[in-house]
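A closer look at the structure
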Amino acid sequence: MIVLNKVSKQYKGILVNKNDSGIYLWIKNFLKLTSNKATSLWAIKNISVSIDKGEIFGIYGANGAGKTTLIKMISGLLGTTSGTVEILGRTDPKHMKDTVSYISTNGWMGLEWPLTARENLILYANLFGISGRRLDEKCNEILKMLGMTEAQDKFISQLSAGMRQKITIARGLILDRPIIFYDEPSVSLDLQSSRNLRELIQTDAVQNQRTAIIASHNTEDLAICNRLMFLSKGEMIALGTLDELKKPLNSIQIIEVNCPNAMQNIDLSSLSGVKSVIYTSVEGKRDYQSIKIYAQKGEFSLNALLDYFVESNIAVLEIKSKEITLQEIYEYYLSLRGEGERNEIV
Amino acid sequence: MKLYKEWDALKMFSKRELIIWLSYKMNAIMWVLDTLFTTIIFFMLSLVTRGSDINFFPYGNNYVTFVVLGLFVHFISFTNLGDPFPRVARIYWGGTMDLYLLSPLSYFTPMLGIMFRGVIDDYPRSILALLFGWLLFGAVFTFQSPMILLLLLILILISTFGIGMISASSFYLFNFKQNTEPVKFIFQDVIIALTAGYYYPISVLPYPLQVLGSFIPHSYALDAFRRLMIPGGDLLTPVLPLQIAMQNISPISLDIIVLVIMSLVSLPLGWFMYVKGIEKARKDGTLTRWQ
Amino acid sequence: MFLKSALSFARLEYRTLRFYPSSFFLAIVQSFVTTGMWFFVSLFLKDYADKSLASYGGDFVSYMVIGVVFFQNAAIIMTLPYQSINTAYWDKRLEVYNSSSYGIWAFITGRFIWTSLYQFLIQVGVLTFAVLIAGVNINTSIPMIPLLLFYLSFIFTCLGFGLIGASNIFNLEVKQGREPFTWLVDVLARIFSGIYYPLAVLPASIHFVSRLIPHTYALEGIRLVMLSGYGFENRIVLNNTLIMLGFAIISMILGIYSLQSALDKAYKGNGVGMVV
Amino acid sequence: MAIEKAIELQNIFKRYKIKNSKSPFVALDDVSLSINKGEIFGLLGSNGAGKTTIIKIMAGLLEADSGSGSVLGHDIYKEHKTIRSMVSLVAPTADVGTDNNLTVRQNLEFWAVVYALEAKQRVARINEMLDFLDLRQYEHHWPMSISAGNRQKLAIARSLLVENPIIFLDEPTVKLDAKSADAVRELVGRINREFGITVILTTHYIFEAEELCERVAIMHKGKIISCDTVANLRKNLQKYDELTITCKDISKEAIDGIKAFPYVITCDYGANTIRIQMTNLHEKLLEIIKALRKHGIEITEIATNQPSLEDIYVEKIGAGGSQ
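What comes next concerns the included structure. (Residues numbered from 1 in each chain as written. Chains lettered and ligands numbered in written order. Predicted model: local features only at pLDDT ≥ 70, side-chain atom pairs only at ≥ 80, totals over all residues. Heavy atoms only, no water.)

1. Points about the overall build of chain B
Short version of the rule: A run of H or I in DSSP counts as a helix once it spans at least four residues, and a run of E counts as a strand once it spans at least two, with each numbered from the N terminus. Any two residues having at least one pair of non-hydrogen atoms within 4.5 Å are treated as being in contact. Residue-level accessible areas treat just the shown protein chains as cover; the underlying method is Shrake-Rupley with a 1.4 Å probe.
Scanning chain B from N- to C-terminus turns up 12 helices and 0 strands. In sequence order, chain B lays out its α and β elements as α-α-α-α-α-α-α-α-α-α-α-α. Excluding contacts between residues fewer than 6 apart, the proportion of contacts in chain B whose partners are at least 24 apart in sequence is 80%. Of the roughly 11,000 Å² of accessible surface on chain B, a fraction of 75% belongs to carbon and sulfur atoms.

Pasting the structure below:
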């Protein structure tokens, strides 16, 4: 469906600022662009991946890791500096733009302020040649799906950020394209609507084999993805299904113990199988101390830990074994590449 | 002591605007060229009438000097009257009005401070117009009574700024959110543009327009400037409708009296309406865009 | 499909008009006032202007009003492409339009259709006011075809120039303030195309500059047609029409080519959206 | 007189006119709130629930249609100017108020003067803030060149320049990635602890409210459908705390031993799990473990299933009539 091989992207040019204008600017830009003094940064470095039909593919990375650039390149908005992007076997941008629909992060700012929500959808659909009765039905159907029916006649300025985000999503869906890109879709959505959105993406992928690619740093969004790609500073540091990515860390069990703050002298290194321990005091008026223990499965026994607490009479508020979070897995692969911060797991 | 803080804040605003202006040198070349081209066009127009014995009593006979003085007042009014509204709009669209309101300073200071950029931009343009006229296009000036000229300058500054404040207050008071705004537009782009007589003596205008022109400070300021600074300018014959109506007062002193009245009315009114505007916006929740 | 989308953009302009009605009204008043200002300047200088103007069959006042009205209309069309792409860029709508293969072109065409329409109406309004009330006397029998040809070729020449200007958004990264190409044409036209004063006033040595600018031919032709009622039988009118048609075709081709190549360059470079 | 309550609001209403419809949009519907001094108070709610509107009314930036209230003893209608000079606000988009043409330090200097900070304290206060928020190394950088997390910290530093007793944070971590969001959350706790500032934050991240706030008000369509400490919210959702322990070879005496404890309500056990319903689980957990270990029971898993705020939220919303 989508095949990228050795794709990389270099941004060149100057930081555009709002206050400069006139001849001074023209000369400055002219000189800068002709001389190669212009600043340049590699947003994407040599990424190869292929995504097949009906798959939900996730891209996880911190702000500025290049998620948006990658998505823009696949949706025909941005050319590659080197390497090729193939969608359904073709690489020309016009074809890409006609087979892909792209929902950008701050897309809500790209809405037409003088129009109401519904009119925005209709204008956008006209942009892609959809019109008439078929468009109206599709509008109603999608607005109902996103729970926007009663807000559809409000002007954009009267809608909250979350509602505006829903319209950008509706804009993407109305085109009924085989591939949809969600760029940080649930950034200003509340719990209820982001949950509905996730269900919508899943049913969409199953029913009409629509490939969805989600770039996000919100772990719930990425939980529904069949495969995940970790991105850091433009490079792909890991690729695979959630379980594959977790495998190297499967042997690690994480136990979180919450104790009252007073107990400073907790020393768990003596227990067998303990790889590393992180003490973090959690703020808020219930000031307790959370101890995260990363232990090797098999060697570590919970009971030894419990006995330790019992003997040293340390009051325990809570003990729970925690699931590894996506962020921790990401940091594990980050540390594999040597740039991540000091990481306790390994 | 409180006033000291306001003054301190004003200095800080102007320092910020200066840093921004200096860091970009804005389009310094641009407004030099703009002023030059405008003066060129009028110089060419004066050539059209070269052969004839052009005379526009009581303002002497040098058309370039006549027009250049018009440009002088035009650029001053362009800032004082034209700037307050877009500045308030910028604070609104930038979402910083909330933050300014959280400070104990008066509502007025941020708006006044940001105006400083207009001063750096446009006041030099007025002087430049005079310079171009004098150096390149043969304008000739006489400085008969500098004290009165200075007084006139101050009065025109205050009165145009007063009207500017009234127009700024309409941003919130009448909830005009786009950047074109009636009060400024009606005053600046219609009445003043037509009736102030920047580029032609108002005797050319039909009488109703002349009467309309007597409601703006520019006609009086220009009348006085032109009588005093153009060689051959006559000080006694009345020209403006008000001057004709009140023959007993000499035109120059009448100009000054009217300008004083206009300043004393427009500035306090502008301040009062501006504060009321913000109060109203506070009630409607239209203080900033980030609803 | 392209036309459908362009029309929906034109409709968007109409809706913006209903959402911000005051800006439309102010635009009308603006053109009346500017024309009025120059009308009074010409009224003042009329008696002193030397007789070289007689050749246009009108007096200095009608000479000025015709020049100002047509020039204003052309200037607005010339800055339209740059101004629309620029605002769309800063409002982050440009990338949305670009996600359709002909989106940006539909956007420009839509705005062009709307703006040229309502500018035409304003222009007719100002001219009728000038003739009926302000005493500007134009010729009684104006040959329509030459006038129409001049008007259309002038509009499309300016649109072509505007498109060339718009390509600077990506070529020269000019994203705000004025844009070099259209600014230059505007300044040269004001001084050298005889809008406010006859070319005779200019020193002979720089007459060749006026011959380079399409505005000179257009205004010269329009004045002959409207003030003296000449048709194609007049050599100057005929030549100027042909020259203007040539200008229109070349500038449109150049304009479309330069903007499209600028968009392709942006595609390979930083894209049309904000690199946030 | 030390006012115990930082903010008191009673029956606040706020309606906005919508252009093309007769009935106004009710942003706030009979909202009453009271926030104690030095508390971290959370406003949790979906989009358009009225979180930002109530914050603006409390900060004196918006006037309520009806109802009454006072902030730090000042009436919200009559003394709104004094209220405004005693509170600070950080808008949802951190870049509001940050001038990209000035360096980080110049930005702080600018706002220090606008907030009328004494000239002598200004430099010291700015340095203190730069260190407190460890922005020192970005002191001379352009705001555009530092990360989103640091720009958010700059906005918070600006709001802390003058030590106002109350600070409003409108969705402080909405646009940040996990790492910078944690840093900002950790910072909010420190602000509250070290400066004793009352923090009022809005969020639609449940875990954020749970982790940071003592009391949370759940808002839905302009109404406060419940407002209490996180613990009480949990309690009245589920009377007793539940504890499930999975372990091997459970002996009857062990179970009896547990049942003997006064605070244990019920204790039943299956093949290898023991489920206990008890009160004040936090204090007594260790005793239960000690009792089980005494009987030599091998424990493999201890899970306390206290309902998370999310379940409370969903349940309340369900009750309050969801969209």
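Still more ground to cover, so stick around.
2. A short note on the overall build of chain D
Let me state the cut-off plainly: Exposed residues in this analysis have more than 50% of their type's maximum accessible area, buried residues have under 20%, and partly exposed residues fall in between, with area computed by a 1.4 Å probe over protein chains only.
When helices and strands are tallied, chain D shows 11 helices and 14 strands. Every one of the 323 residues in chain D was classed for burial, and the buried ones make up 56%. The long-range share in chain D, meaning contacts at least 24 apart out of those at least 6 apart in sequence, stands at 70%. For chain D, the exposed area adds up to about 12,800 Å²; of that, 53% sits on carbon and sulfur atoms.

3. Some thoughts on the pairing of strand 9 (residues 215–220) of chain D
Residues and elements named next belong to chain D. Short version of the rule: The pairing criterion is simple: DSSP has to find at least two bridges between the two strands.
With 6 of 6 residues buried, strand 9 is to be regarded as a mostly interior element. As defined by bridge partners, strand 3 (residues 40–45) adjoins strand 9 across 5 bridges and the pair is classed as parallel. Across the sheet, L43 pairs through a bridge with A217, a residue of strand 9. Pairing geometry for strand 9 and strand 10 (residues 223–229), over 6 bridges, is antiparallel. By the bridge assignment, I218 is partnered in strand 10 with S226.

4. Side note on the environment of A:L228
All names here are of chain A. Take L228: it is sitting in strand 8 (residues 227–232). Residue classification places L228 among the buried residues on the basis of a relative accessible area of 0%. Note: C-alpha distance between L228 and I59 (169 residues apart in sequence) is 5.8 Å. With near-sequence residues (within four places) excluded, L228 lies in contact with G58, L222, A238, L239, G240, L242, L245 and L326.

5. Let's talk about unusual backbone geometry
All names here are of chain D. Residue D30 is not a glycine yet carries a positive backbone phi of 55 degrees. Assignment of secondary structure puts D30 in strand 2 (residues 25–36). When its relative accessible area of 40% is taken as the criterion, D30 is described as partly exposed. Phi angles above zero are rare outside glycine, and E171 is one such case at about 45 degrees. Within the secondary structure, E171 sits in the loop between strand 7 (166–170) and helix 6 (178–195).

6. Brief notes about the state of the cysteines
Residues and elements named next belong to chain D. Our working definition: A pair of cysteine sulfur atoms is labelled a disulfide when the two atoms are within 2.5 Å.
The tally for this structure, following the rule as stated, stands at 0 disulfides over all chains. C227 supplies the cysteine sulfur nearest to C213, a cysteine that is in no disulfide, at a spacing of 11 Å. Taking the relative accessible area as the measure of exposure, C213 reaches 5% and is therefore buried. The cysteine C267 is free of any disulfide, with C247 supplying the nearest cysteine sulfur at 10.0 Å. A relative accessible area of 6% places C267 in the buried class.

7. Some details on the side chain of B:N80
By the secondary structure assignment, B:N80 is in helix 3 (residues 63–80). Residues contacting B:N80, with those up to four places away along its chain left out, are B:M115, B:Y123, B:L157, B:T160, B:F161 and B:G164.

8. Observations regarding the nonpolar core
Stated formally: Nine residue types can take part in a nonpolar core, namely buried Ala, Val, Leu, Ile, Met, Phe, Trp, Tyr and Cys, and a core is a set of them joined through side-chain atoms within 4.5 Å.
Among the nonpolar cores identified, the biggest contains 219 residues, and A:Y182, A:F230, B:L45, B:Y63, B:Y199, C:W38 and C:F70 are the most heavily contacted of them. Sorting elements by how many residues they give to this core places helix 3 (residues 60–90) of chain C first, with 18 residues. Of all hydrophobic cores here, the second largest spans 108 residues; its members include B:Y172, D:L61, D:V114 and D:V188.

9. What about the side chain of C:R111?
Residues and elements named next belong to chain C. Looking at the element boundaries, R111 is found in helix 5 (residues 103–132). The exposure class assigned to R111 is buried, which follows from its relative accessible area of 15%. If we ignore the near neighbours within four places in the chain, the residues touching R111 are E13, L80, Q83 and S84.

10. A few points about the pattern of salt bridges
All names here are of chain A. How we decide: Here, a salt bridge means any side-chain nitrogen of Lys or Arg that lies within 4 Å of a carboxyl oxygen of Asp or Glu.
Counting across every chain of the model gives 36 salt bridges over all chains. Linking K94 and D98 is a salt bridge whose minimum nitrogen-to-oxygen distance equals 2.9 Å. With K94 and D98 both in helix 3 (residues 93–99) and 4 residues apart, this pair spans about one turn of that helix. Given the relative accessible area of 49%, K94 is considered partly exposed. With a shortest N-O distance of 2.6 Å, R210 and D204 are connected by a salt bridge. Judged by its relative accessible area of 11%, R210 is buried. With relative accessibility at 13%, the residue D204 sits in the buried group.

11. Notes on the interface of chain C and chain A
How large an interface is tends to be reported as the accessible area lost when its parts come together. Cut-off, in case you're wondering: Two parts lose some accessible area (1.4 Å probe) when they are put together, and adding that loss for both gives the buried area. Polar contacts, as counted here, are pairs of nitrogen or oxygen atoms within 3.5 Å of one another; within protein the pair requires one atom able to donate a hydrogen and one able to accept it, and residues that are adjacent in sequence qualify only if both atoms are side-chain atoms. Any residue that is not Ala, Val, Leu, Ile, Met, Phe, Trp, Tyr, Cys, Pro, Asp, Glu, Lys or Arg is counted as polar, Gly included; the first ten are nonpolar and the last four charged.
Taken together, the 42 residues of chain C in the interface contact 44 residues of chain A. For the pairing of chain C and chain A, the buried interface totals around 3,800 Å² over both sides, and the portion due to carbon and sulfur atoms is 62%. Summed over the shared surface of chain C and chain A, the result is 1 salt bridge. Across the pair C:E95 and A:K72 runs a salt bridge whose closest N-O atoms are separated by 3.1 Å. At the surface where chain C touches chain A, the tally comes to 4 residue pairs in polar contact (both at pLDDT 80 or more). Sorting the residues of the side of chain C that touches chain A by element identifies helix 1 (2–19), helix 4 (94–98), helix 7 (180–192) and helix 10 (235–268) of chain C as the ones contributing at least two each. A total of 9 residues in the side of chain C that touches chain A trace back to one element, the largest contributor, which is helix 1 of chain C. Here the residues of the side of chain C that touches chain A sort into 16 nonpolar, 14 polar and 12 charged.

12. What to know about the packing of helix 7 (residues 146–173) of chain B against helix 10 (residues 217–229) of chain B
Residue and element names in this part refer to chain B. Test applied: Axis lines are fitted through C-alpha atoms, for helices just across the contact stretch, and the angle between N-to-C directions can take any value from 0 to 180 degrees. Our angle categories are set so that under 35 degrees counts as roughly parallel, over 145 as roughly antiparallel, 65 to 115 as roughly perpendicular, and the remainder as oblique. We call a crossing left-handed when the near helix sits turned anticlockwise from the far one by less than a right angle, and right-handed when that turn is clockwise.
Running from N to C, helix 7 and helix 10 cross one another at 165 degrees; their axes reach a closest spacing of 10 Å. On the basis of their axis angle, the class for helix 7 and helix 10 is roughly antiparallel. The two elements helix 7 and helix 10 meet at a crossing, and its hand is left-handed. Each of I148, L149, L152, L153, I156, S159, T160 and I163 in helix 7 lies in contact with helix 10, whose residues at this interface are P217, H218, A221, A224, F225, L228 and M229.

13. As for the pairing of strand 7 of chain D
All names here are of chain D. Most of strand 7 is tucked away: 5 of the 5 residues are buried. Residues I166, F168 and D170 line one face of strand 7 and the alternating positions I167 and L169 line the opposite face, and both faces are buried. Inspection of the sheet shows strand 6 (residues 87–90) paired to strand 7 by 4 bridges, in the parallel sense. Among the inter-strand pairings, L89 is bridged to a residue of strand 7, identified as F168. Bridge count between strand 7 and strand 8 (residues 198–203): 5 bridges; the pairing is parallel. Within the sheet, the bridge partner assigned to D170 lies in strand 8 and is T202.

14. Remarks on the sheet that holds strand 14 (residues 299–304) of chain D
All names here are of chain D. Strands sit in the order 12-13-11-14 across an open sheet of 4 strands; the sheet is antiparallel. In this open sheet, the two edge strands, each paired with only one partner strand, are strand 12 (264–269) and strand 14. The sheet shows a mean angle of 15 degrees between the axes of neighbouring strands, taken without regard to direction. As judged from the 6 bridges shared by strand 11 (residues 241–247) and strand 13 (residues 273–278), these two strands associate in the antiparallel manner. When the sheet's bridge partners are listed, D241 is paired in strand 13 with M278. Each of strand 12 and strand 13 is contacted by helix 9 (residues 252–260), which is oriented at about 165 degrees to strand 12, the strand it contacts most.

15. Describing helix 9 of chain D
Given 3.6 residues to a turn, an α-helix orients residues that are three or four positions apart in the same direction. All names here are of chain D. Stated formally: The directions considered for the arc are those from the helix axis to the C-beta atoms.
Residues of helix 9 that are buried: A254, I255 and I258. One side of helix 9 holds all its buried residues, which, seen down the axis, span an arc of 100 degrees. Of the residues in helix 9, the exposed ones pointing more than 90 degrees away from the buried face are K252 and A260.

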